[in-house]
Amino acid sequence: MELRDKAIVVTGGGNGIGRAMCERFAREQPRGVVVADIDDAATQQVASRIAAAGIDCVGKRCDVTIEAEVRSLIETAEERFGGIDLYCSNAGVTAKGGLNADDDAWRRNWEVNVMGHVYAARCVVPRMIERGAGYFLLTASAAGLLTEIGSAPYSVTKHGTVAFAEWLSVCYQRKGLRVSVLCPAGVATDFLDLEDPVHQFLHVSSLTPEQVAEDTLAAISRETFLILPHAEVAEFHAFKGQDYDRWLKNFARINQKLERIASKQSQAGSERE
């Protein structure tokens, strides 16, 4: 799909990858852009910059965990632009912790990282199918293909994002729907906590949101299902399919190294105190 003269919606569009998508996609001269985010101030700032460049753009606050708000977002976009060509279901959250992660963390990650996509697809996909064409992009993570050592809720729910994207593609591609799932590793956004050894590891090969948006645009033009801005993720994912047990052992070794680093940092911090 080429984005010229298309109507685009991006959730999580006020910051990070979503902001970069909005600004990069706007340079393709779309018919219109809807920037959506729970952070209304950031949403309006991004929308104002795009509108100032001569693109019809509206900013709308949206909590993707509330189905009525997602439906209102889609209806606003369709009323203004006469249909949505590309829906970027990009909003996401993370949480630290493994077995110690509390129920609220699990619930929040599930509601945003899985149900936010479900609510959007439930509303917009039938409309796209009725028109005979449409593009649905989901932002997952390399954690959805591999794992996120520092966060069980994030890893599990991002796997859910990938699974839902696969299901949408299998069920609707013959009806005109194109689906992509974006799975970056480290990206230089607020998600990266550089005091966390896991995130320090990811930061070594991190990309800017602008680089990820550029790669996403290229993948959309090719209509590629799996978007992997980090080449190493493709390698790790291929290795996982070739030798699952060995892949698990390798990641267990990485986890052990990161635990040692975390322990040393904790000891150093205690000594300074």
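This text goes with the structure placed above it.
Residues numbered from 1 in each chain as written. Predicted model: local features only at pLDDT ≥ 70, side-chain atom pairs only at ≥ 80, totals over all residues. Heavy atoms only, no water.

### Overview of the pattern of salt bridges
Heads up, the condition is: The working definition used for a salt bridge is a side-chain nitrogen of Lys or Arg within 4 Å of a carboxyl oxygen of Asp or Glu. Classification of residues uses two cut-offs on accessible area relative to the type maximum, computed with a 1.4 Å probe and protein chains only: under 20% is buried, over 50% is exposed, and between them is partly exposed. For the purposes of this entry, the term helix denotes a DSSP run of H or I that reaches at least four residues, the term strand denotes a run of E that reaches at least two, and both are numbered from the N terminus.
All chains considered together, the criterion is met by 15 salt bridges. For E69, the salt bridge goes to R61, with nearest N and O atoms at 3.9 Å. Overall, R61 belongs to the partly exposed group, its relative accessible area being 40%. In this structure, the salt-bridge partner of R131 is E78, at a minimum N-O distance of 3.3 Å. In this pair, R131 sits in helix α4 (residues 103-131) while E78 sits in helix α3 (residues 67-81), placing the two residues 53 residues apart along the sequence.

### Here we look at the pairing of strand β5 (residues 134-139)
The condition is simple: At least two bridges found by DSSP between two strands is the condition for calling them paired.
By the criterion of burial, β5 is predominantly enclosed, with 6 of the 6 residues buried. Here β5 shows two buried faces, one formed by G134, F136 and L138 and the other by Y135, L137 and T139. One ladder, built from 4 bridges, connects strand β4 (residues 86-89) with β5; its direction is parallel. Paired with C88 across the strands is L137, a residue of β5. One ladder, built from 6 bridges, connects β5 with strand β6 (residues 177-182); its direction is parallel. Within β6, the position partnered with T139 by the bridge is L182.

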